[in-house]
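Residue-level structure breakdown
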Amino acid sequence: MIKQTTTSTPLNTKNHYEVLDGLRGVAAIGVVIFHFSEWLFPDASKNFIGHGFLAVDFFFCLSGFVISYAYDDRMQQMSLIQFFKLRLIRLHPLVVIGSVLGIVFWFWGPSVFDTSKYSVTQIILLSITSLLLIPMPTMADRLLNLFGLNAPSWSLFWEYIANILYATILHKLSEKALKVLLIFALLFLAYTAYIKQTLTGGWGGTTFWDGLARLGYSFLIGILIQRKQWIIQNKIGFIGLSIMLLCMLMMPYVGKYWVSELLVVLFYSPLLVSLGAGTINYKATQKIAKLSGEISYPLYMCHYWTNWYFAEYLSKTKPNTSEIVLVVIFSSLALILFAYIIMKYVDKPIRTYLLQKYGR
């Protein structure tokens with residue numbers, strides 16, 4: 001197995017896979033562009049990145065791999081409380097930051113949203129549930145998202161479920177038991193894809209259980225890739241794998257596309273994780289892969305508030321195609337810079353403080 005470059009910071013206790021981290025950043029950028037393009041192409045089949053939502057399935061698979069790698073050999077020495085403290089410190093600051101941004105820009109936001117129709121009690125409840133990552137799909141003007149104030153939080157909700165299941169059950173299971181469980185998860189995922197004719201669900205109240213279907217298989221296969229060392233040594237590198245990942249997100253809608261979506265989640269996404277864990281991190285791309293990994297989570301959690309401004313911009317100005325392209329490009333670059341600032345000056349200092357105070 002080809003190990004990645006070691007990065008020594010207060011937040012890391014083991015070597016980590018920088019190419020996989022970098023791919024997470026590429027996927028997050030894909031999600032940002034996908035969310036912008038949804039307003040431009042209501043018909044997903046005409047959207048050049050219409051399968052950008054599959055980035056979430058890649059995230060789930062990658063999470064299973066990373067959690068297994070980081071904690072399989074430590075769980076016997078850790079209490080559940082210690083594990084949950086470490087995961088909360090890693091994940092929840094950006095849940096809170098993303099929620100605060102969502103709350104602020106809900107009030108100080110596009111005129112299309114009339115906050116006066118919500119009572120004080122509703123506003124407080126929406127804010128609290130968003131901050132605590134409790135689903136509340138009641139905002140009709142936000143498409144009944146599980147988290148109307150910050151839509152991407154839906155996948156973090158399922159990430160938390162995965163962490164709870166890992167700490168209480170999954171880390172104890174044998175490889176044979178995991179494989180049996182994986183078969184049931186595969187059947188659930190296939191059933192969901194067939195019934196819904198797509199795997200795009202999980203983010204809203206009407207597709208809540210789709211999220212569990214998408215989480216189950218990907219998270220379990222990620223664990224097995226790590227435990228069984230299904231890692232393919234290769235020389236593709238960060239750039240080559242980034243192109244492969246983008247090909248998945250830009251996959252066209254052809255025929256019974258739910259079948260191609262299912263096959264991608266079952267085989268292609270895990271293949272990317274396997275290749276990413278075994279590839280060479282070339283010196284020329286080490287810094288960009290590292291930076292991509294660092295901004296991935298803050299970018300994912302702190303970008304969605306801009307979508308409502310973008311929607312209002314489209315409806316009010318009726319821009320031409322070239323103007324829209326420029327706006328999307330510069331908005332995406334600005335969000336990457338914003339994510340870097342959040343990472344360096346907000347999220348990382350908060351996590352460092354919390355680790356020093358509560359991490360033991």
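Overview of the overall build of the protein chain
Along the backbone of the protein chain there are 12 helices and 0 strands. Each helix (α) and strand (β) of the protein chain, taken in turn from the N terminus, gives the series α-α-α-α-α-α-α-α-α-α-α-α. Scaling as 2.2 N^0.38, a compact globule of 360 residues should have a C-alpha radius of gyration of about 21 Å, and the protein chain matches this with 20 Å. Taken along its principal axes, the extent of the C-alpha atoms in the protein chain is 55 × 50 × 45 Å. Expressed as a percentage of the 360 residues in the protein chain, the buried residues total 54%. Put simply, 78% of the contacts in the protein chain that link residues at least 6 apart link residues at least 24 apart. Carbon and sulfur atoms make up 69% of the accessible area of the protein chain, which totals about 16600 Å².

A look at helix α5 (residues 153–168)
Because each turn of an α-helix spans 3.6 residues, side chains separated by three or four positions end up pointing in the same direction. When the terminal C-alpha atoms of α5 are compared, their 23 Å separation across 16 residues agrees well with the 22 Å that a helix rising 1.5 Å per residue should span. Within α5, 12 of the 16 residues are buried, which leaves it mostly tucked inside the rest of the structure. Considered for burial, the residues of α5 that qualify are Ser153, Trp154, Ser155, Leu156, Phe157, Trp158, Glu159, Tyr160, Ala162, Asn163, Tyr166 and Ala167. Residues of α5 that are buried in the fold lie against α2 (54–71), α3 (80–107), α7 (208–227) and α10 (286–301).

What to know about the packing of aromatic side chains
A ring pair, where both rings are aromatic, is described by two values, the distance of the centres and the angle of the planes. What the rule picks out here adds up to 26 aromatic pairs. On the numbers, 5.4 Å between centres and 75° between planes, the contact of Phe59 with Tyr300 is edge-to-face. Here Tyr300 lies in helix α10 and Phe59 lies in helix α2, a separation of 241 residues in the sequence. The exposure classification of Phe59 matches that of Tyr300, with both residues buried. These aromatic residues form a ring-pair network of at least three members: Phe105, Trp108, Trp305, Tyr309 and Phe338.

Thoughts on the nonpolar core
With 100 residues, the main nonpolar core has Phe58, Tyr71, Leu156, Tyr166 and Tyr300 as its most contacted residues. Here this core takes 13 residues from α2, the largest share from any one element. Judged by nonpolar contacts, the second largest core, of 8 residues, contains Trp106, Tyr118, Met136 and Leu149.

A short note on the confidence of the model for the protein chain
Per-residue pLDDT for the protein chain has a mean of 93; in total, 95% of the residues score no lower than 70. Counting contacts from residues 1–12, a segment whose pLDDT is below 50, to residues more than four positions away or on other chains yields 35 contacts.

Structural notes on the side chain of Ser292
Following the sequence through the fold, Ser292 ends up in helix α10. Residues within four places of Ser292 in sequence aside, it is in contact with Asp21, Gly22, Gly25, Val26 and Phe238.

Structural notes on the pattern of salt bridges
Applying the stated criterion to the full structure yields 10 salt bridges. With a shortest N-O distance of 3.6 Å, Lys117 and Asp141 are connected by a salt bridge. Here Asp141 lies in the loop between α4 (120–131) and α5 and Lys117 lies in the loop between α3 and α4, a separation of 24 residues in the sequence. Residue Lys117 is classed as exposed on the basis of its relative accessible area of 52%. One network of salt bridges, with partners in common, ties together Lys290, Glu294 and Lys348.

The rules behind these values
- Residues numbered from 1 in each chain as written.
- Predicted model: local features only at pLDDT ≥ 70, side-chain atom pairs only at ≥ 80, totals over all residues.
- Heavy atoms only, no water.
- Helix = DSSP H or I, 4+ residues; strand = E, 2+ residues; numbered from the N terminus.
- Rg over C-alpha atoms; globule rule 2.2 N^0.38 Å.
- Buried < 20%, exposed > 50% of the residue type's maximum accessible area, 1.4 Å probe, protein only.
- Contact = heavy atoms within 4.5 Å.
- Areas by Shrake-Rupley, 256 points an atom, 1.4 Å probe, with all protein chains shown as cover.
- Expected span 1.5 Å × (residues − 1).
- Phe/Tyr/Trp six-rings, centres within 6.5 Å; stacked < 30°, edge-to-face > 60°.
- Core = buried A, V, L, I, M, F, W, Y, C linked by side-chain atoms within 4.5 Å.
- pLDDT = per-residue confidence, 0-100.
- Salt bridge = Lys/Arg side-chain N within 4 Å of Asp/Glu carboxyl O.

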